[in-house]
Amino acid sequence: MSQVNYLNHDKSIKSWLFTLDHKRIGIMYLVAVSLSFLAGGILALLVRTELLGPGETIMSADTYNQSFTLHAVLMIFAFIIPAIPAVMGNFVLPIQLGAKDVAFPRINLASFYIYLAGAAIALTALVVGRVDGGWTFYTPYSTSVDDGILFITAGVFVMGFSSILTGLNFIVTIHKMRAPGLTWNRLPLFIWSIYATSIVQVLATPVIGITMVLLFLERLLGIGIFDPALGGDPVLFQHFFWFYSHPAVYIMILPAFGIISDLMGTFSRQQVSGYKFVALSSVAIAFLGFLVWGHHMFVSGQSALSSIIFSLITYLIGIPTGVKVINWVQTMYKGSVWLQTPMLYALMFLFTFSIGGFTGIMLGVLAVDVHLHDTYFVVAHFHYVMMGGNVIAALGGLHYWWPKMTGKMFNETLGRIAAALVFIGFNVTFFPQFILGTRGMPRRYYDYLPEFTNLHVLSSVGSYILGVGLFLILGYLLHSLFRGKKAGSNPWGALTLEWTHTTTPPDPHNFHETPIVTRGPYDYHLAPELFGGDGAAGDGHEEEAEVTVPRGQATS
Amino acid sequence: MASTAEHPVHLQHHFVSSDQQFDASKMGMWLFLITEILLFSGMFVTYTVYRVWYPEVFDGMAVLLDWRLGGLNTLVLLASSFTVALGIHYAQVDNKKGLVTNLILTFLFACVFLVVKYFEYSAKIEHGIVLGDGFAPHGVSHGVDYATYDVMFAQQFFSIYYVMTGIHGFHVLVGMGLFAWITIRAMKGHFTSAYYTPVELCGLYWHLVDIIWIFLFPLLYLI
Amino acid sequence: MSHAEHHITPIKTLVQVIVALFALTILTVATSRLDLGAFDVLVALAIALTKGALVVSVFMALKYDNKVNAVVFGIGALFVIVFLAFTLFDTAFRGDLSNTTEGTIMEQKAAEEALQQREPDPAALQFNRSNE
Ligand code: HEM
Ligand SMILES: [Cu+2]
């Protein structure tokens, strides 16, 4: 009989639906979030197929508008915002802290159901009306189209609550539930970045809440705050929207940074270079991220004064971001880099995220943005950071923690093939969009000039390759659940607590005994004797660990 | 610290000690409170933006709000904050009677607040000052000719007024629910000086509702 | 960080605070009846801030509480200010580009028209694109 773990200690449906176990809640989030990703992804493929040629290809203009709107709403609010924090944060964070659970397990479960309710409300829009106007809901268009918007706004409002509760829970957990010896300087960088993310979630999300309330009332009653026909100011809506939504892009990318930091340290067998800088730059980005929202509004008619201020601070964001990228590269230098699938995603991230970040700086330049705003260049920029940043990192994290979550290893060969497909597909999809944008192809258009056809076709073909890659991942991960090799407790030879101090899959209570932490998360130079399973290392699950020490020798 | 000899009933399994649990709950509550503050900040920003744009209109419209009723409600809410603080004091010194009395008083003050608010709203609505499309001030009362207030951007002032006080009122309502719940628990003797976290947390929430009103009152009624 | 004893605020302090709060309420109403011009807003805000500070520090006992909670509260307040200030950078300065006034737009138009007058007839230029 296999050892008792969080998956097999009680198999009833009820024990899942009412579970307070952060690990099970994480898994439920994983399923829900993946379904959103699937739905959003299918819509994306439909949109790309429509764009194979100018004019009507497979759907009417109205269906097209609805498709890209729903694609974006699903991807942003139902997938990418909760993806890393609610899935991997939930599963990993308490264990990395050496805690038995998050501080408020009941609130954690509630946040999951609130998320589901919000998604359901948003999708009701499809039944009662149309969804239109993009994910940005700019007034006055959004308040003049039909009633679908009421449900979307209500859904976003409700999902916001879920996001707030997750963030709140994590902040308190990180402050109050760390194992003895786990000082702030010893926190895995994943924790640091989730911490920064949570701060943003708590501070920014309420503002999208009130924005949605006002938008809702504007549409329902006509209160004249945002609607220019009634004396309101549509640009004020944009301020409200971006006060949340720019920080929200950091809700998406900061956790990705965390995963990449952990992967870099673990798979290079080396202390992450500039640990303190990498940790604090997350907090700096979280803070600066609140001061740049107006870079989405350069051509909205906002004052020149604010455009200049926002542009300037936008450049500043490049500094902490650069600090991170440079340190990741530095981490690999003279390390023994182990190119397993998760690390492939980390390397991919360096490439794609950097392109996304650089083009972001380009868009932050006032004069350049006048030309590029609302073109495919912006579409390419944000897909490079969201897909090429967040999703790639999330895939890396999923592969990294998959053995811990399921107790099974995936097929490494297929993993690498899929990673290659994702990389090629992604770049072929989105790189042409930079070129389209600079040549003047506006975003969100159903039709286009014939001279854009080649690049559009290229982009669509790329999206199919990407789709194949993603389905392949889904396939072999599901397959591994049934046929996968049994995973050892520490297959990657990592040093954080979820690998060194608990079984695979983890015990229902994570630890039998609260771990006592005596070293940093990437102190590989201290690792050899700790791997041996002496008293300090804890509860005797280390037998398998030795097998997994990398092919490359441990560095000194 | 891993194993405490006594294990109080209220201590959840994933906490090491009552202190840790109390600290965590309290910090969680403070975080929740700042989300509330940021939620309201949206309304304060809207108010400021429109006030900066149309100062005369905002000056003029404040006249239609009765500062006596607003002032009365301010005193009522302040008093309720005081009774909550007293309640917590009594909980800390194990005075159950003092705790229950003050919780009930708080609940009653909240009722008074909403009743006053109800009269204010209905007086406005009667004269066509409503939220949204139907906005059309008319009629005369207390020597005020409402029709003269039907000017450009008057609607913005009252939209802001209704949304702000409406959301605030909703919070008062939620607070009443919370106080009803903890009053019952207090009567059943659930709280002692060793464990009164729910009272403390509801109290924090209630004080915040009070603070919001402390700002709403002068901004809307006085200046 | 464990402190076995929770701080107990004496009733006397609570009474002092509520008396102060009542007094400040009366004060703010009284000052608003006077005509202080632009200072109206400042005085009202200053009084409201004082009242808020009293409630937060004594009633909510932030003064005696774990520092971390004060930091949390401070950050919340800070971001309200950020939200307000950065929005006002726009709304209070709308249309600050000197070339967007009605006069300058007309001038620009006139200049453009003058240029157009000088522009040769496109047909006369006869770019030959037929070999594409
Ligand atoms: C180096 C940091 C970054 C800079 C300087 C930057 C800058 C910008 C600018 C100036 C725009 C506005 C373009 C326009 O509409 O004309 C923009 C759009 C956008 N950015 Fe970034 N960005 C950065 C990182 C990110 C990250 C990390 C994400 C998400 C994970 C992101 C997501 C977006 C999205 C979604 C939009 C488009 C929103 C829309 O209009 O639909 N950006 N970015
Ligand atoms: Cu942005």
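The rules behind these values
- Residues numbered from 1 in each chain as written.
- Chains lettered and ligands numbered in written order.
- Predicted model: local features only at pLDDT ≥ 70, side-chain atom pairs only at ≥ 80, totals over all residues.
- Heavy atoms only, no water.
- Helix = DSSP H or I, 4+ residues; strand = E, 2+ residues; numbered from the N terminus.
- Buried < 20%, exposed > 50% of the residue type's maximum accessible area, 1.4 Å probe, protein only.
- Contact = heavy atoms within 4.5 Å.
- Buried area = accessible area lost by both parts, 1.4 Å probe.
- Salt bridge = Lys/Arg side-chain N within 4 Å of Asp/Glu carboxyl O.
- Donors = N, O, S within 2.8 Å, 3.2 Å for Na, K, Ca; no water.
- pLDDT = per-residue confidence, 0-100.
- Phe/Tyr/Trp six-rings, centres within 6.5 Å; stacked < 30°, edge-to-face > 60°.
- Polar contact = N/O pair within 3.5 Å; in protein donor to acceptor, adjacent residues only side chain to side chain.
- Axes fitted to C-alpha atoms, helices over the stretch in contact; angles between N-to-C directions.
- Parallel < 35°, antiparallel > 145°, perpendicular 65-115°, else oblique.
- Left-handed = near helix turned anticlockwise from the far one by under 90°.
- Nonpolar A, V, L, I, M, F, W, Y, C, P; charged D, E, K, R; others polar.
- Patch = residues over 30% accessible without salt bridge, like charges linked within 9 Å, V, L, I, M, F, W, Y side chains within 5 Å.
- Areas by Shrake-Rupley, 256 points an atom, 1.4 Å probe, with all protein chains shown as cover.
- Near = heavy atom within 4 Å.
- Expected span 1.5 Å × (residues − 1).
- Disulfide = S-S within 2.5 Å.

Details of the overall build of chain B
Move 1: Broken down by element type, chain B carries six helices and two strands.
Move 2: Seen in sequence order, chain B has helices and strands lined up from the N terminus as α-α-α-α-β-β-α-α.
Move 3: C-alpha atoms of chain B, sized along the principal axes, occupy 75 × 30 × 25 Å.
Move 4: A burial count over chain B gives 62% of its 223 residues as buried.

Structural notes on the interface of chain C and chain A
Move 1: Tallying the contact residues gives 17 residues for chain C and 23 residues for chain A.
Move 2: The contact between chain C and chain A buries some 1700 Å² in all, and 78% of this surface belongs to carbon and sulfur atoms.
Move 3: Three residues, C:F79, C:F83 and C:F86, lead the burial of chain C against chain A; their summed loss comes to 39% of the area buried on that side.
Move 4: For the pair chain C and chain A, the number of links is one salt bridge.

A look at the coordination of the iron atom of ligand 1
Move 1: Exactly one protein atom donates to the iron atom of ligand 1; that atom is A:H381 (NE2), 2.1 Å from the metal.
Move 2: Among the secondary structure elements, A:H381 is positioned in helix α13 (residues 376–406).

A few points about the confidence of the model for chain B
Low pLDDT means the predicted coordinates in that region are not meant to be read closely.
All names here are of chain B.
Move 1: Of all residues in chain B, 97% have pLDDT values of 70 or greater, and the mean over the chain is 91.
Move 2: Confidence drops under a pLDDT of 50 for residues 1–5, and excluding neighbours within four residues, the segment shows two contacts in the predicted structure.
Move 3: Interface confidence for the predicted complex, given as ipTM, is 0.94, next to a pTM of 0.91.

Looking at the packing of aromatic side chains
All names here are of chain A.
Move 1: Enumeration according to the criterion identifies 74 aromatic pairs over all chains in this entry.
Move 2: Consider the rings of Y64 and Y446, whose centres lie 5.6 Å apart with planes at 55 degrees: the pair is tilted. Linking Y64 in helix α3 (residues 61–97) with Y446 in the loop between α14 (412–438) and α15 (453–483), this pair joins segments that are 382 residues apart in sequence.
Move 3: According to the relative accessible area criterion, Y64 is buried, its value standing at 2%.

As for the side chain of B:H89
Move 1: Turning to its location among the elements, B:H89 is positioned in helix α3 (residues 67–92).
Move 2: Owing to a relative accessible area of 11%, B:H89 belongs among the buried residues under this scheme.
Move 3: From its side chain, B:H89 meets the backbone oxygen of C:T9 in a polar contact 2.6 Å long.
Move 4: Those residues in contact with B:H89, other than ones at most four positions away along the chain, are C:I8, C:T9, C:P10, C:I11 and C:L14.

Section: the packing of helix α2 (residues 55–62) of chain B against helix α5 (residues 154–187) of chain B
All names here are of chain B.
Move 1: Interaxial distance between α2 and α5 falls to 9 Å at its minimum, and their mutual angle equals 60 degrees. Relative to α5, the element α2 lies oblique. As for how α2 packs across α5, the hand of that crossing is right-handed. Where α2 approaches α5, its residues V57, F58, M61 and A62 are matched on the opposing element by A154, F157, F158 and I160.
Move 2: Residue composition of the contact of α2 with α5, by class: eight nonpolar, no polar and no charged.

Section: the interface of chain C and chain B
Move 1: Contacts between the two partners involve 49 residues from chain C, matched on the other side by 46 residues from chain B.
Move 2: With both chains or domains summed, chain C and chain B bury close to 4100 Å², and 79% of this area falls on carbon and sulfur atoms.
Move 3: One can count one salt bridge joining chain C with chain B.
Move 4: Taken together, chain C and chain B are joined by four residue pairs in polar contact (both at pLDDT 80 or more).
Move 5: Broken down by element, the residue count for the side of chain C that touches chain B peaks at 12 residues, all from helix α3 (residues 67–91) of chain C.
Move 6: When the residues that make up the side of chain C that touches chain B are grouped by side-chain class, the tally is 30 nonpolar, 14 polar and five charged.

Side note on a nonpolar patch on the surface
Residue and element names in this part refer to chain A.
Move 1: A surface patch of nonpolar side chains, amounting to about 1000 Å² of accessible area, comprises V31, L35, L38, I42, L46, I58, F471, L474, L478, L481 and F482.
Move 2: Put simply, the parts of the chain that give the nonpolar patch at least two residues each are α2 (22–50) and α15.
Move 3: Turning to its location among the elements, F471 is positioned in helix α15.

Brief notes about the site of ligand 1
Residue and element names in this part refer to chain A.
Move 1: The immediate surroundings of ligand 1 are formed by 22 residues, with W135, D369, H373, H381 and R443 found nearest.
Move 2: Within the side chain of W135, an N or O atom sits 2.9 Å from an oxygen atom of ligand 1.
Move 3: Within the side chain of H381, a nitrogen or oxygen atom sits 2.8 Å from a nitrogen atom of ligand 1.
Move 4: For the shell around ligand 1, the elements supplying multiple residues, two or more each, are α8 (234–268), α11 (341–363) and α13.
Move 5: The residue makeup of the shell around ligand 1, split by class, is 12 nonpolar, eight polar and two charged.

With respect to the coordination of the copper ion (ligand 2)
Each donor-metal-donor angle in an ideal tetrahedron of four donors is 109.5 degrees, and each such angle in an ideal octahedron of six donors is either 90 or 180 degrees.
All names here are of chain A.
Move 1: For the copper ion (ligand 2), every protein donor is listed as H246 (ND1), H295 (NE2) and H296 (NE2), and the spread of their distances is 1.8 to 2.1 Å.
Move 2: Donor residues for the copper ion (ligand 2) sit on one chain with the sequence pattern H-x48-H-H.
Move 3: In this structure, the copper ion (ligand 2) lies 4.3 Å from the iron atom of ligand 1. Of the two residues, H246 sits in helix α8 while H296 sits in the loop between α9 (275–288) and α10 (304–332), which places them 50 residues apart along the sequence.
Move 4: Of the residues examined, H246 reaches a relative accessible area of 4% and is grouped as buried.
Move 5: By relative accessible area, H296 is classed as partly exposed at 21%.

Focus on the confidence of the model for chain A
Move 1: Per-residue pLDDT for chain A has a mean of 91; in total, 94% of the residues score no lower than 70.
Move 2: Segment residues 529–556 of chain A: pLDDT under 50, and 43 contacts once partners within four positions in sequence are set aside and those in other chains are kept.

Looking at the side chain of B:Q20
Move 1: Tracing the backbone shows B:Q20 in helix α1 (residues 18–53).
Move 2: Excluding residues that lie within four positions of it along the chain, B:Q20 makes contacts with A:K176, A:M177 and B:F15.

Observations regarding the pattern of salt bridges
Move 1: Counting across every chain of the model gives 13 salt bridges over all chains.
Move 2: For A:D374, the salt bridge goes to A:R443, with nearest N and O atoms at 3.6 Å. Pair noted here: A:D374 is in the loop between α12 (366–372) and α13 and A:R443 is in the loop between α14 and α15, with a separation of 69 residues, a long-range link.
Move 3: For C:R94, the salt bridge goes to C:D90, with nearest N and O atoms at 2.7 Å.
Move 4: Using a relative accessible area of 27% as the deciding quantity, one classes C:R94 as partly exposed.
Move 5: What you see here is one network of salt bridges that share partners, running through A:D62, A:R130 and A:D132.

Remarks on the environment of B:E120
All names here are of chain B.
Move 1: If you trace the backbone, E120 turns up in helix α4 (residues 96–126).
Move 2: We classify E120 as buried; its relative accessible area is 3%.
Move 3: If we skip the residues at most four places from it in the chain, E120 touches L69, N73, Y161 and Y221.
Move 4: Within the structure, E120 has its side chain in polar contact with the side chain of Y221 (distance 2.7 Å).

Thoughts on helix α2 (residues 39–59) of chain C
Move 1: Taking 1.5 Å as the rise per residue, α2(C) with 21 residues should run 30 Å; its terminal C-alpha atoms sit 29 Å apart, in good agreement.
Move 2: Within the span of α2(C), buried status applies to C:D40, C:A44, C:I47, C:A48, C:K51, C:G52, C:V55, C:V56, C:V58 and C:F59.
Move 3: Lining the buried residues of α2(C) we find α1, α3 and α6 (197–222) of chain B together with α1 (11–33) and α3 of chain C.
Move 4: Following α2(C) by one or two positions, C:A61 has its phi on the positive side, about 60 degrees.

Details of the packing of α2(A) against α3(A)
When two helices pack together, their arrangement is captured by the angle between the axes and the distance separating the axes.
Residues and elements named next belong to chain A.
Move 1: Interaxial distance between α2 and α3 falls to 7 Å at its minimum, and their mutual angle equals 155 degrees. When the interaxial angle is binned, α2 and α3 end up roughly antiparallel. As α2 runs across α3, the sense of the crossing is left-handed.
Move 2: A per-class count over the contact of α2 with α3 returns 24 nonpolar, eight polar and two charged.

Some points on the state of the cysteines
Residue and element names in this part refer to chain B.
Move 1: Scanning the entire structure with this criterion turns up zero disulfides over all chains.
Move 2: C111 takes part in no disulfide bond, and the closest cysteine sulfur to it belongs to C202, at a distance of 16 Å.
Move 3: For C111, a relative accessible area of 25% puts it in the partly exposed group.

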